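Structural features, examined
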Amino acid sequence: MLTEYGTKHAVHVCECLLRKGPLTRQNVKRYTELSDEQVKNALLVLIQQNCVQAFTTEQPDGFADGPKANTQYVVLFDNILHRVRFAKFLTILSQEFDQQCVELVQGLLEHGRLTLKQMFDRAKSSEKEGKSDELLVEGAFVLKHLTQRCPASEPLLMPISEEEGPARKKGSKSAKKIGEPETIEQQVVEAALPMEAMRFSVVTNVESDVGEKEKNSNNVTPGEKRKHDVLELDECGVADEQSVVYRANFEGFIRRLRHKADHVRAHLDDGAANVLSAMLQATSSAEKKVKTKNSVPLSLSSIYEEVIKSEAGRNMTLDHVRASLVQLGELSFVDASSDSYSIDFEKIIEIAQNEEVESVVSKRYGRDAYRIFRLLSKSGRLLETDKISDTTFVEKKDAPKILYKLWKDGYLLMEKLVVTGARQSQFLLWKVNRQILWKHVLDEMFHAALNLSLRVSYELDREKELLNLPADKRTGPLQDRYNRIRKVRILLESSQMKLDDAILLFHDF
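Residues numbered from 1 in each chain as written. Predicted model: local features only at pLDDT ≥ 70, side-chain atom pairs only at ≥ 80, totals over all residues. Heavy atoms only, no water.

**Side note on the pattern of salt bridges**
The criterion, for reference: Any carboxyl oxygen of Asp or Glu that lies within 4 Å of a side-chain nitrogen of Lys or Arg is treated as forming a salt bridge with it. Helical segments are the DSSP runs of H or I of at least four residues, strand segments are the runs of E of at least two, and each set is numbered from the N terminus. Working definition: with a 1.4 Å probe on protein chains only, accessible area under 20% of the residue-type maximum means buried, over 50% means exposed, and in between means partly exposed.
Taken as a whole and judged by the stated rule, the model has 22 salt bridges. Salt-bridge contacts for Asp500 lead to Lys88; the nearest nitrogen and oxygen are separated by 2.8 Å. One end of the pair, Asp500, is in helix H23 (residues 477-508); the other, Lys88, is in helix H5 (residues 86-96), with 412 residues separating them in the sequence. The residues Asp500 and Lys88 share a single accessibility class, namely buried. As a salt-bridge pair, Lys405 and Asp409 come within 3.7 Å of each other at their nearest N and O atoms. It is possible to trace a salt-bridge network through shared partners that takes in Arg85, Lys88, Asp500, Asp501 and Asp508.

**Observations regarding the sheet that holds strand E6 (residues 298-299)**
The strands that make up a sheet are held in pairs by hydrogen bonds between backbone atoms, and each pair lies either parallel or antiparallel. The following threshold applies: Here, any two strands with at least 2 DSSP bridges between them count as paired. By definition, residues are in contact when any of their heavy atoms lie within 4.5 Å. The angle between two axes is taken between their N-to-C directions and runs from 0 to 180 degrees, where each axis is a line fitted to C-alpha atoms and a helix contributes only its stretch in contact.
Strands sit in the order E6-E8-E7 across an open sheet of 3 strands; the sheet is antiparallel. Each end of this open sheet is capped by a strand with a single partner; those strands are E6 and strand E7 (334-337). Here E6 runs beside strand E8 (residues 340-343); their pairing, made up of 2 bridges, is antiparallel. Bridging across to E8, Ser299 finds its partner in Ser340. Against the sheet, helix H14 (residues 270-283) touches E6, E7 and E8, its axis set at about 90 degrees to E8.

**Topic: the packing of H5 against helix H6 (residues 99-111)**
When two helices pack together, their arrangement is captured by the angle between the axes and the distance separating the axes. As a reminder, the rule being used: Here is the rule for angles: anything less than 35 degrees is roughly parallel, anything more than 145 is roughly antiparallel, 65 through 115 is roughly perpendicular, and the remaining ranges are oblique. By the definition used in this description, the sense in which the near helix is turned from the far one sets the handedness, with an anticlockwise turn below a right angle giving left-handed and a clockwise turn giving right-handed. By the convention adopted, Pro, Cys, Tyr, Trp, Phe, Met, Ile, Leu, Val and Ala count as nonpolar, Lys, Arg, Asp and Glu as charged, and the other residues, Gly among them, as polar.
Viewed as axis vectors pointing N to C, H5 and H6 meet at an angle of 165 degrees, and their least axial separation amounts to 9 Å. Classed by the angle they form, the pair H5 and H6 counts as roughly antiparallel. Crossing geometry of H5 relative to H6 is assigned as right-handed. For the pair formed by H5 and H6, the contact residues are Phe86, Phe89, Leu90, Leu93 and Ser94 on the first element and Cys101, Val102, Val105, Gln106 and Leu109 on the second. The class makeup of the residues in the contact of H5 with H6 is 8 nonpolar, 2 polar and no charged.

**Observations regarding the packing of H14 against helix H15 (residues 300-307)**
Following both chains from N to C, one finds H14 and H15 inclined at 100 degrees, their axes separated by 9 Å at the closest point. The orientation of H14 with respect to H15, classified from their angle, is roughly perpendicular. In this structure, H14 uses Asn274, Val275, Ala278, Met279, Gln281 and Ala282 to contact H15, whose residues at the interface are Ile303, Glu306 and Val307. Residue classes in the contact of H14 with H15 are distributed as 6 nonpolar, 2 polar and 1 charged.

**A word on unusual backbone geometry**
Across residues other than glycine, the phi torsion is negative in most instances, and most of the peptide bonds are trans. In this structure, Glu33 takes a positive phi of about 60 degrees despite not being glycine. In this structure, Glu33 sits in the loop between helix H2 (25-32) and helix H3 (36-48). Backbone geometry at Asn50 places phi at a positive 65 degrees, although glycine is not the residue there. Structurally, Asn50 can be placed in the loop between H3 and strand E1 (52-60).

**Section: the confidence of the model for the protein**
To be explicit about the condition: One confidence number per residue, pLDDT, is output by the predictor and ranges from 0 to 100.
Taken as a whole, the protein shows an average pLDDT of 82; of its residues, 81% reach a score of 70 or greater. Within the protein, the element-level pLDDT minimum falls on helix H9 (residues 165-170), averaging 41, and the maximum on helix H20 (residues 399-408), averaging 95. For the stretch residues 161-179, pLDDT sits under 50, and the model shows 17 contacts to residues farther than four places along the chain or on other chains. Per-residue pLDDT stays below 50 along residues 206-242; that stretch engages in 58 contacts with residues further than four places along the chain or on separate chains.

Have a look at this one:
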């Protein structure tokens, strides 16, 4: 059980790594001013919860002994973000799988990493009549793309030379664009990933008789390790290589969230929506990455077979499916090539992002600003002030004020055009740069998420004594205060969930 001070130390170390970047354990100790034992325990907790990854670099030591290994620790920022989504992950599981699978993953989300033996122990502690170890293994196989083996404990991060940098980025697993810088975190995560065949494999030769195993464990020699020992961490905070340790596969959950997000249903009728859902279901098993441009192609017959499996599409005919695919193609949601069809994820996400930003502009600046922003967003080029005013039917005296406000707040780019001649004239040109704007919007969302989190903590801390009172002692004014804080908490946490849906759009999808 982690103590209150242990939690504070782990948070302190995590904040240090976020601010300073990758650090050795000695440097973490120096910056945090904690003891060596406190730093070690904090790193153990953070690694166990998949918030920090250790990695090794080689540095020349100036002597004939060769390069010196140097262990550092880096924060896994995305995994920290995923922690606020655990409730969404469990909701997805409960909709697709039985309670046994939900409990299996719930244990992984709660404890971070577990061996198969620990999973069996948890199952036995809440064992129901008829449940067996074999069923738990079967559940692990069903969830093989939602659970995975833990990454390598200390992957060796090789430095990328300037000559091989572009070539490596072009062929990297994360499919980065040429010239796009790869962060240390991304390099470490990629280097630590197990091979695909090992990553989703589940060991099944576990003895069901735990007592017999414990009895025979005394005969194990000191140099041997049992296959399913409880997770042991060495002094660097990494798992023993002989332990088979599992964790939740966050990428698998994020892909399911992307599929279930209701981004485009407003543009579709029921038939097209059913066809798109069927295509998502049919191609989900072949997806390897969250940020994918297109799904794998499907034939018309394969799509039709998947559509009629669902209750909503059971009465659809082949012609109806074909017509729905035409509608999806006209909206650029589906690409048709020869006799096959694939989902254009990039276009769907782009439309959803545009609509999200347009909604923010409309609520914050009004309908005139919304029309101006939408025009510039769709045109994708520089437009002059009077041209914008004429096209959007916004008063000429109001248009410059709105444009200036949007530019000042980072939603537009402005360029000045000076025309020389008999009489020098100056024109202001405006445009939307999506790449810059999306980063700005995401930054605003992160700040809003922090403010919401701080507000929730403030409200709960202020009424801590009231929340801990037994129900029979909350009467009169105390019950009114309790109802108020309950409503405030529901409102704020609901806002957090909605804001996280928008963050998923711009950061994860």
